[in-house]
Amino acid sequence: MKQKLFALLLAVALVLSLAACTASPSDSGSNTSASQAPAADVPDVPDFTDVDTSTIPGLEDGVLTVGMECAYAPYNWMQMDDSNGAVPISNVSGSYANGYDVMIAKRICEAYGWELEVVSSSWDSLTPAVQAGTMDANIAGQSMTADRMKEVDMAGPYYYATIVCLTTKDSPYASATSIADLAGGICTAQSGTIWYDSCLPQIPDANILSPADNAPAMIMQLQTGMADFICTDMPTAKGAAAKDDNLVVLDFSGTDGDFQFETEAERAENVNIGISVKKGNTQLKDAMDAVLSQLTAEDFDAIMDQAIAAQPATDDTDANLFVKLGRDMVQLLKDYYPGYLNGILNTIILAVVSTVIGCVIGLVCGILNTIPYAKQDPLPKRILLKVIRTIVRIYVEVFRGTPMVLQAVFIYYGLPYFTNGSVAFRGSSGIWLASIIVVSINTGAYMAESVRGGIISIDPGQTEGARAIGMNHFQTMTSVILPQAIRNIIPQIGNNFIINIKDTSVMFIISFTEFFAFHRYIVGVNNLYFPSAAIEMIGYLTMTLLASAALRLIEKLMDGSDNYELVQVDALTMAAGTYSHPNRGTPFDEHSKEQRDRNGSTRGER
C-alpha cells in the first residue's frame, strides 16, 4: 500500500513539475487568447451618467452584480488574466471573465457609471439567483421564451441567435440540408434550452439522449461519438468549430427545412437572447433597454465576432491519443494551475471545517438521543426527552434522506426567496457561509447516528459501575463513555471527511468554487473535457489518499504504543488483593503446597 501511495504521489509531482518547468509567471497567460481581439465597428457607448439610478433595486450601491456561467464560450468564459478587457470573477479568486456577455455588461455599466461585478454560477442556478436577489441580472445567453419570462423580466434582445446543428466532418449527416436529412440520428442539446425542448423533437425518428448539463458537455458528446449531432445556436457552434476543425455547422435558416414554429412571434422569442432581472424590477430592465436600443443586429454580430476572435486558443496538433492527453493536461496545468490549486484549497478548507462542525452537531445530537429516562422519572423530564428525540430523528431523516445538492438549493436560494430577501447570502462570504452550513448540517445528520451507535456499543456494565461509585450521568458520559465511543467512531469520522472532500463538488450549484467547479469553468472555453477530468481524478484521489493516511496516523497515536510495562507496585491493587507479584502471583492463585513452601508462604493453610 505504501509503495502504491508513493508511486501515485510521485506521478502527481512529476505532472506538476512538468507544468512548472514549461511556464513562468511572465508567460502563464501568453496563450489565453487566440489573437488580439479586433476592434468592433459599433457605435460609441451612450452617456447616461446624468440619470439618477440610486433608486433602482439592487443598484443602490452603484454595483451591477451580473451572473453568468463563465463556461459558455463565446458568450462567456473564464481565463487567468485580464487580457482583451476581461474582468475579475468575484467568487473565483485570481480568475477573470470574458466573452460577448461581458462586453455587453461592460457597455451597460459604462453608460451609467456603474461598477461591474461578475459572479460565476451554474446554468440551473441563474434564474433562482435573480429571483432570490443574490444577483441583479443574468447576462448569460438566455433565450427570451414565454416560460422563462413568467419567472423573470427580461431586457433586450441583446443578440439574435440562429438555431443550427453541429456535427463532424466524417458524419453521414455532414451534408444534411434540412432537419429531414437528420432523421434517425442520435442527438442531444443543453438542458433547459429550446434546442432540447422544442427543436430536437421536430427531427423525424430522432434518438434523443438525455440533455447535457452544459455546453462543453454537449460538445464533448459530439466529439467522442456519443451523439451524431447536437442542436445549439450559431455563436456556440461557431465558437466550437473555431476550436475544432473537425466540426461542421449545419445552418438550415431561411429554408423550408429549418426548425418550425407556429408563428413568427414564437420563432422570435426562441432566437432572441435577453437579460433577465427580478420580476417587477422594471426600472433596471428599462435602464438596460435604453442602452441596448442604441445597437442594431449588425452591431451585435460585430461584437460577437470580436468575442469569438478573443477565445483562448488550444493546440489541436495531431498526435498519439496518450501523447495528446498528456500534452493537453500539461497545457491545462500550465495555463490554469493557480485556479486548480485554489480549487483544491477551497475543497480542503470546506471539507475540514464542515467535518469538524458536523462532528460537533452529531456529538450533541447523539448524546441527546441517548439520555436515559425511566417510568418513575418526572413527567416533564420524560416529555422533554421525547420531544428532543423526535426533533433529532426528524433532522437526521430529512438530511440523510435528501441529496446535498437540493439542500444547498433550498438553503442558498430558498431562504432569500421565502423571506423576500431579508435573509440572503450575498457576495463571496455569503457563498462560503452557505456552503459551510449545508455541508456541516449534512455531515451532522450522519454523525448523529454514528455517535449514537458508538455510545450504545459501550458495555452497560461501565455505566453501572460509574453510577455505583457516585458519578452522575454527565460525569459518566464525559469521563467513561465518550472517550471510548469517540475512539470507536474515529474510522467513521474519517470516512465522512473523505466523503466531504468528494461531495463538496455539488456546491457549484450555489456558485462555490471548489475543485470540480473550476473544471466546469475551464472546459467551457477550450472544450478539453477529458484532459481536465483526468487532472480532477488525480487531484481527488491524491487528496483522499493523503486524508486516509493522516487519519490512520491519528488512530495510531490515539491507540498509544504497543510496548508497555506493567506496574509492579501499586498500593491500591495490593490492598484490593489483585496485585500480581512477579514470583508469587495474586492471592487468588491456587498453588500447590510445595510451591507455597518454596515461596515461604503459609497462605491457604489453617
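The structure displayed is predicted, hence computed values, not measured ones. (Residues numbered from 1 in each chain as written. Predicted model: local features only at pLDDT ≥ 70, side-chain atom pairs only at ≥ 80, totals over all residues. Heavy atoms only, no water.)

A few points about the sheet that holds strand 6 (residues 115-120)
Logical step 1: In spatial order, the strands read 6-1-7-14-8; together these 5 strands make up an open sheet with mixed pairing. Here the strands that pair on one side only, and so sit at the sheet edges, are strand 6 and strand 8 (153-160). This sheet shows a mean twist of 30° between the axes of neighbouring strands, independent of strand direction.
Logical step 2: Examined bridge by bridge, strand 8 and strand 14 (residues 272-277) share 5 bridges and lie antiparallel to one another. Residue pairing across strands places Met154 opposite Ser276, the latter belonging to strand 14.
Logical step 3: Its contacts with the sheet place helix 8 (residues 264-271) against strand 7 (137-143), strand 8 and strand 14, and it is angled at close to 65° to strand 14.
Logical step 4: Sitting on the sheet, helix 9 (residues 282-292) touches strand 1 (63-68), strand 7, strand 8 and strand 14, and the angle it makes with strand 8 is about 20°. (Pairing = 2+ DSSP bridges. Helix = DSSP H or I, 4+ residues; strand = E, 2+ residues; numbered from the N terminus. Axes fitted to C-alpha atoms, helices over the stretch in contact; angles between N-to-C directions. Contact = heavy atoms within 4.5 Å.)

Here's the deal with the sheet that holds strand 3 (residues 76-79)
Logical step 1: If you walk across this open sheet you meet the 4 strands as 2-3-5-4, and the pairing is antiparallel. Lying at the two open borders of the sheet, with one neighbouring strand each, are strand 2 (71-72) and strand 4 (87-88).
Logical step 2: Pairing of strand 2 with strand 3, which is carried by 2 bridges, proceeds in the antiparallel orientation. Pairing of Ala71 across the sheet is with Trp77, part of strand 3.
Logical step 3: Helix-sheet contacts for helix 17 (residues 515-526) involve strand 2 and strand 3, and the interaxial angle to strand 3 is about 115°.

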